[in-house]
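# Analysis of the macromolecular model
Here is how the chains run, residue by residue.
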Amino acid sequence: MNRAEPLVLGIETSCDETGIGIVRGRTLLSNTIASSMDEHARYGGVVPEVAARAHLEALQPSIEAALAESGVTLDEVDAVAVTSGPGLAGALMVGVGAAKALAVSLEKPLYAVNHLVGHIAADILDDDAEPLEYPTVALLVSGGHTSLLLVRDLTTDVELLGETMDDAAGEAFDKVARLLGLPYPGGPQIDRAAASGDPKAIAFPRGLSRASDMADHRYDFSFSGLKTAVARWVEQRQAAGEPVPVADVAASFREAVVDVLVTKALAACRDYDVPRLLLGGGVIANRRLRDTALERGAAAGVTVRIPPLSLCTDNGAMIAALASELIMSGREPSTLAFGADSTLPVTEIQVAESS
């Protein structure tokens, strides 16, 4: 195996997107994504069984498309990488099974890696960015995860500082969009509606931000109370026979989410004396979140890094990139003694490494 610049094929099936990525060292060759989002839209959210079936249908054509785009063959691949967790158990099982079959049939080493750490690895595929420095604070915000991490080394030392206690930020966007009569997925819809609204129109709560919360939950997040506050506000307007100002509600809700995310992330940078913040996850597509992080980061002397948006959503390229880093650092492949782990802790960067 070429450990200097390994050619790695990555498989990501943790939620509703079938991601196949191919990288050579730190160079991105292909990032192919097949989304089943339209199938879930009729239900207003991701249905695990539907997601798993969609992965089964999309895997082979996605692998073929990635190989064609990258101009390489399966025989040339040095290693196969796959998300072991966290994520939806059924969806993960499809990717894990496919990766094991592919690795065994090709007689290639297999690397089982952590989905969340993969989001950090996406940053190293940005040709226009300076090399990632350590330590760095990482804020990962998606439909299923909201996590604040301290990354001392991508392949050996990732510490969980805080995470959501209930709804992830992306889930909150979906649920509030439904309250406002907006279609799924909620993130882009809330963003569009908020563009013409007043973010100061309604003083929605900032979860886990009171002084009494900071001792035990300084870096944790909670969006369930915010979602309930929006629901009560809307219900009161409707009960009074008054129109619901969708734009103002959307803008005020979005501002509350963004304020909490950025405030806690920058607090971690300050507390750990780390002048770097990396953003990742699909919710980073929210323009207000990106703009606020950049503006407030600059004021605090913190450099904010944002990977290309195509690498922020779930994708196989980030999984391949993480495995490539593991290979280049001398790590051994995973054995076949691993499965889908829906609650895999972020501290487990690689699963079932060979002894």
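For the structure given in this document, a descriptive report is provided here. As the structure is a computational prediction, the values presented were derived from the model and not from experiment. (Residues numbered from 1 in each chain as written. Predicted model: local features only at pLDDT ≥ 70, side-chain atom pairs only at ≥ 80, totals over all residues. Heavy atoms only, no water.)

The next point concerns the sheet that holds strand S9 (residues 276-280). The strand order across the open sheet formed by 5 strands is S8-S7-S6-S9-S10, and the pairing between neighbours is mixed. Of all strands in the sheet, those with a lone pairing partner are strand S8 (157-163) and strand S10 (303-305), marking the two edges. When strand polarity is set aside, the average angle formed by the axes of neighbouring strands in this sheet is 25 degrees. Of the pairings in the sheet, the one linking strand S6 (residues 136-141) to strand S7 (residues 146-153) comprises 6 bridges and is antiparallel in character. Considered in S7, the bridge of Leu 140 is made with Ser 147. Packing of helix H9 (residues 246-271) onto the sheet brings it into contact with S6, S7, S8 and S9, and relative to S6 it is tilted by some 160 degrees. (Pairing = 2+ DSSP bridges. Helix = DSSP H or I, 4+ residues; strand = E, 2+ residues; numbered from the N terminus. Axes fitted to C-alpha atoms, helices over the stretch in contact; angles between N-to-C directions. Contact = heavy atoms within 4.5 Å.)

Moving on, we get to the sheet that holds strand S1 (residues 7-12). If you walk across this open sheet you meet the 6 strands as S3-S2-S1-S4-S5-S11, and the pairing is mixed. A strand with exactly one partner marks an edge of an open sheet, and here the two such strands are strand S3 (27-35) and strand S11 (350-351). Relative to S11, strand S5 (residues 110-114) runs antiparallel, the two sharing 2 bridges. Residue Ala 112 lies in a different strand from S11, and its bridge partner there is Val 351.

Moving on to the packing of aromatic side chains. This structure, assessed with the given rule, holds 3 aromatic pairs. With centroids separated by 5.1 Å and ring planes inclined at 75 degrees, the aromatic side chains of Phe 173 and Phe 253 adopt a geometry described as edge-to-face. Of this pair, Phe 173 sits in helix H5 (residues 169-179) while Phe 253 sits in helix H9; the two residues are 80 residues apart in sequence, bridging distant segments of the chain. Of the two residues examined, Phe 173 and Phe 253, each falls in the buried class. Between Tyr 219 and Tyr 272 the ring centres are 6.2 Å apart and the planes differ by 45 degrees, which places this aromatic pair in the tilted class. With Tyr 219 in the loop between helix H7 (211-217) and helix H8 (224-239) and Tyr 272 in the loop between H9 and S9, this residue pair connects regions lying 53 residues apart in the sequence. The ring of Phe 338 carries the charged tip of Lys 100 above its face, separated from the ring centre by 4.6 Å. (Phe/Tyr/Trp six-rings, centres within 6.5 Å; stacked < 30°, edge-to-face > 60°. Buried < 20%, exposed > 50% of the residue type's maximum accessible area, 1.4 Å probe, protein only. Lys NZ or Arg CZ within 6 Å of the ring centre and 35° of its normal.)

Inspection of the entire model under this criterion finds 18 salt bridges. The partner of Arg 276 in a salt bridge is Glu 133, and the shortest N-O contact between them spans 3.8 Å. Here the residue Arg 276 occupies a position in strand S9, and Glu 133 occupies one in the loop between helix H4 (115-121) and S6, the gap between them amounting to 143 residues. Look at Glu 133 and you get partly exposed, because its relative accessible area is 48%. (Salt bridge = Lys/Arg side-chain N within 4 Å of Asp/Glu carboxyl O.)

So, on to the side chain of His 119. Within the secondary structure, His 119 is located in helix H4. Assessed through its relative accessible area of 3%, His 119 is described here as buried.

This part takes up the packing of H5 against H9. Two numbers describe a pair of packed helices, the interaxial angle and the distance between the axes. Contact geometry of H5 with H9 gives a least axis separation of 11 Å together with a crossing angle of 170 degrees. In terms of axis orientation, H5 runs roughly antiparallel to H9. Where H5 approaches H9, its residues Ala 169, Ala 172, Phe 173 and Val 176 are matched on the opposing element by Phe 253, Arg 254 and Val 257. Of the residues belonging to the contact of H5 with H9, the class tally is 6 nonpolar, no polar and 1 charged. (Parallel < 35°, antiparallel > 145°, perpendicular 65-115°, else oblique. Nonpolar A, V, L, I, M, F, W, Y, C, P; charged D, E, K, R; others polar.)

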